[in-house]
Amino acid sequence: MTMLKRYVLSQFVKVYLLTASGLIGIFLIVDFFERIDEFLVKDAPMIDLISYYIFKIPFIAFYMAPQGVLLATVITLASLSQKNELTAMKACGISITGITFPIIGASLVVTLLILASSEFLSPITNQKMNYIFIKKIRTEPSYGKVPTENLWFKSINGDIWNVNYFDPYTSELAGIIILKPGEDNSIIQRIDARKAVWSINKWEFIDGYIRKFDKGGIKSTQYFERKFFDTPETPKKLSAARRRPEEMSLSELYQQIQIQKLEGKDTSMKWIELHRNISYPFISVVMALLAIPLSIRSSRHGGLLFCAGINISMGFIFSFIYAMSISLGKGGTFDPILAAWGPNLLFTVLGFYLLLTMDSEKAFPI
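Residues numbered from 1 in each chain as written. Predicted model: local features only at pLDDT ≥ 70, side-chain atom pairs only at ≥ 80, totals over all residues. Heavy atoms only, no water.

Colleague: What's the story with the packing of aromatic side chains in this structure? I'm lost.
Modeller: Each pair of aromatic rings is reported with the distance of its centres and the angle of its planes. Inspection of the entire model under this criterion finds 21 aromatic pairs. Summarising the aromatic geometry, the rings of tryptophan 198 and tryptophan 203 are spaced 5.1 Å apart at their centres and angled 75° between planes, so their arrangement reads as edge-to-face. Among the aromatic side chains, those forming a connected cluster through ring pairs are Phe59, Phe62, Tyr63, Tyr280, Phe318, Tyr322 and Phe347. Above the face of the phenylalanine 133 ring, arginine 35 is positioned so that its terminal group lies 4.5 Å from the ring centre. A cation over a ring is seen here: lysine 227 above phenylalanine 229, with NZ or CZ 5.9 Å from the ring centre. (Phe/Tyr/Trp six-rings, centres within 6.5 Å; stacked < 30°, edge-to-face > 60°. Lys NZ or Arg CZ within 6 Å of the ring centre and 35° of its normal.)

Here it is in structure tokens:
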């Protein structure tokens, strides 16, 4: 029995590597013909073109993993069925669950590998990919730029900052205003300074004054030439360049959400992005659960093409519902968790229903 499971697993892995490689290759070829003109117009070095597509492979693999699992499951089971190997295995007392468990396990491994790539590999390669195409080819000045002028932000301690200019190289601020709100959101203190320099892990404010307010107006004014203020804002935080969502790991995206939440910003879009990045790899397991019963049933009524057509149609239906759910989440209709995980849960239940009704003679029992 163990040898038969290893055989099924080896067949699935071989087919998956072929299908995933094929899908990635097709995507690269299509993308190459779409973007080659921009590289030629800019007279980009060949090394930039090659590097761009090498760095793009993890990005494509993220999106192609579920489709690769779907096709690999269909081809593996249809092949076993056509050779009557499934019948032989069942005659040996192995249940359908036992036969297909290695496929589900392998799809879960694919999911975990994609999640690991999203955390450790894809942020690095996506950043290098975007730098080549957006910065060097399209020469967009805003990409990777550190914001330096007229900065407005809310600190994690609740203070509201306005900085006329920030020099990330010397860690100096010019024209600073810091507003401290009270419990009723009225301003109880205002700090103004001509400049500030980073010294001894604190900001040293120069030529400024502190004004305190009560309900009647200005309560007191204190002038200073030099004064240290212990604030959570550091030059490293202010120097962080704006990064695109695909350039951030899952943990970095979560940390950004927590910071923006403390700053009082709307984080619903970020939550949807985070849950989408986590839920999407799990579609591989959902596709395996759907493809197993559909492949075995449809193989009874037709050949490989009929089997593939049934499963690909189901894949398109899932993709449409998943995309619609994400759109409804971004529109505020669905909660971020429901938007990202709802379709997975719905089709997982459908997959288990099809597995439990495996003995039905219909290709798709209702």
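Colleague: Help me understand the pairing of strand β2 (residues 160-167) in this model?
Modeller: As a general feature of sheets, a regular strand has side chains that alternate between the two faces. With five bridges joining them, strand β1 (residues 149-154) and β2 adopt antiparallel strand pairing. Note on β2: the bridge partner recorded for tryptophan 152 is asparagine 162. Between β1 and β2, which follow one another and run antiparallel, lie five residues, and glycine 158 among them has a positive phi close to 100°. As paired strands, β2 and strand β3 (residues 172-181) are joined by seven bridges and run antiparallel to one another. If you follow valine 163 over to β3, its bridge partner there is isoleucine 176. Where β2 folds back on β3, the antiparallel hairpin that results is connected by four residues, among which serine 171 adopts a positive phi of roughly 55°. (Pairing = 2+ DSSP bridges. Helix = DSSP H or I, 4+ residues; strand = E, 2+ residues; numbered from the N terminus.)

Colleague: Which parts of the structure should I look at to understand the sheet that holds strand β5 (residues 202-214)?
Modeller: In a beta sheet, neighbouring strands are held together by backbone hydrogen bonds and run either parallel or antiparallel to one another. A sheet is described by the order of its strands in space; here six strands give the open sequence β1-β2-β3-β4-β5-β6, paired in antiparallel fashion. Since the sheet does not close on itself, it has two edges, and those belong to β1 and β6 (217-229), each with one partner. When strand polarity is set aside, the average angle formed by the axes of neighbouring strands in this sheet is 15°. (Axes fitted to C-alpha atoms, helices over the stretch in contact; angles between N-to-C directions.)

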